[in-house]
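Letter by letter, the chains look like this.
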Amino acid sequence: MAVSSQPSLTLYHAWSSSASRKVRLCLAEKGLAYEGKVLSLGRFQHHSTWYKELNPSGIVPCLIVDGLALVESNLIDEYLDEAFPEPALMPDDPAARHEVRRWSKYVDDVCLPAVQKPNWTRSMRPIAKQWSDAELEQRLAAIPTQERRDLWRRMARDPFSEAEIDAALDILEDMTRQIEAYLENSGGPWLFGQRLTLADLHAAPYVIRFEEERPGRLRPLTARWWDALKARPSWLTAEIGSYDDDGARTAAEAMEDPA
Ligand SMILES: N[C@@H](CCC(=O)N[C@@H](CS)C(=O)NCC(=O)O)C(=O)O
């Protein structure tokens, strides 16, 4: 529930973006009200000049707190946990806090690049393959990093092979094995025991995509954890939809570029 002293929060996000979903889940668990602004990655809104003034990396999400732009989903969620301490989404023990941060970094460093392969093949490839060479070069010039320019170039001209997508899904499967080990170790119901933490929320967007791509493969403790996560009110509030539905939704709801 929003309290009257709450600063104004505006989230620039994309419905199907895993990093955006992490922040929407955290906002929902904290019961924070915010204004959501949906960006269309297919329309390149995140690479427009006005958006790069908010987030120079040209990626989503970006949370504006009383005019200050916060970027990087892990860091945004840690900010939210510090600024709005109830309910706490980090463990009390410093070693466990370190481990949550390590997990969040692993998810961002390893699982995000992996999930992009099936995701972008589904959503961005149909758009990017239609660009002429001139249009492609013009779009690439607006992208701040070589890594992302490479990704968009691949979507336009050299799509991921089935073997590459399969290898990416293997990486996500390995993540689910690690989740099982955490649950065995902590005794559940959450990765770090009795308290739901950012570790659970940060894994969720990658588990949903793994489940969509390779259904029915979660191990027993992970399957129970997954059901419990999806049963939380935050799942509905954060509007975590199916990947394909999110695409249609974006087309209908993406914001207008500011004049
Ligand atoms: N480390 C960043 C990753 C953000 C990120 O890569 N977002 C993706 C969507 S999940 C994006 O905006 N991609 C657009 C692009 O690369 O053009 C975070 O966690 O915020």
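Criteria and thresholds
Residues numbered from 1 in each chain as written. Predicted model: local features only at pLDDT ≥ 70, side-chain atom pairs only at ≥ 80, totals over all residues. Near = placed C-beta within 6 Å. Nonpolar A, V, L, I, M, F, W, Y, C, P; charged D, E, K, R; others polar. Domains from an automatic or database assignment. Helix = DSSP H or I, 4+ residues; strand = E, 2+ residues; numbered from the N terminus.

**Student:** Any chance you could break down the site of the ligand for me, citing the residues and the numbers?
**Tutor:** The immediate surroundings of the ligand are formed by 13 residues, with Ser 17, Ala 19, Ile 59, Ser 73 and Arg 148 found nearest. Counted by class, the shell around the ligand contains five nonpolar, five polar and three charged residues. In terms of domain composition, the shell around the ligand takes at least three residues from each of domain 1 (9-88) and domain 2 (94-233).

**Student:** Let's hear about unusual backbone geometry: which residues, and what values?
**Tutor:** Here Val 60 and Pro 61 are connected by a cis peptide whose omega angle stands at 10°. Of note, Pro 61 is situated in the loop between helix 2 (49-54) and strand 3 (62-65). Between Glu 86 and the following residue, Pro 87, the backbone shows a cis peptide bond with an omega angle of -15°. Within the secondary structure, Pro 87 sits in the loop between helix 3 (73-83) and helix 4 (94-123). Within the chain, Phe 44 stands out as a residue other than glycine whose phi angle is a positive 65°. Here Phe 44 is to be found in the loop between strand 2 (35-38) and helix 2. One non-glycine residue with positive phi stands out, namely Glu 72, at about 75°. Looking at where Glu 72 falls in the secondary structure, it is placed in the loop between strand 4 (68-71) and helix 3.

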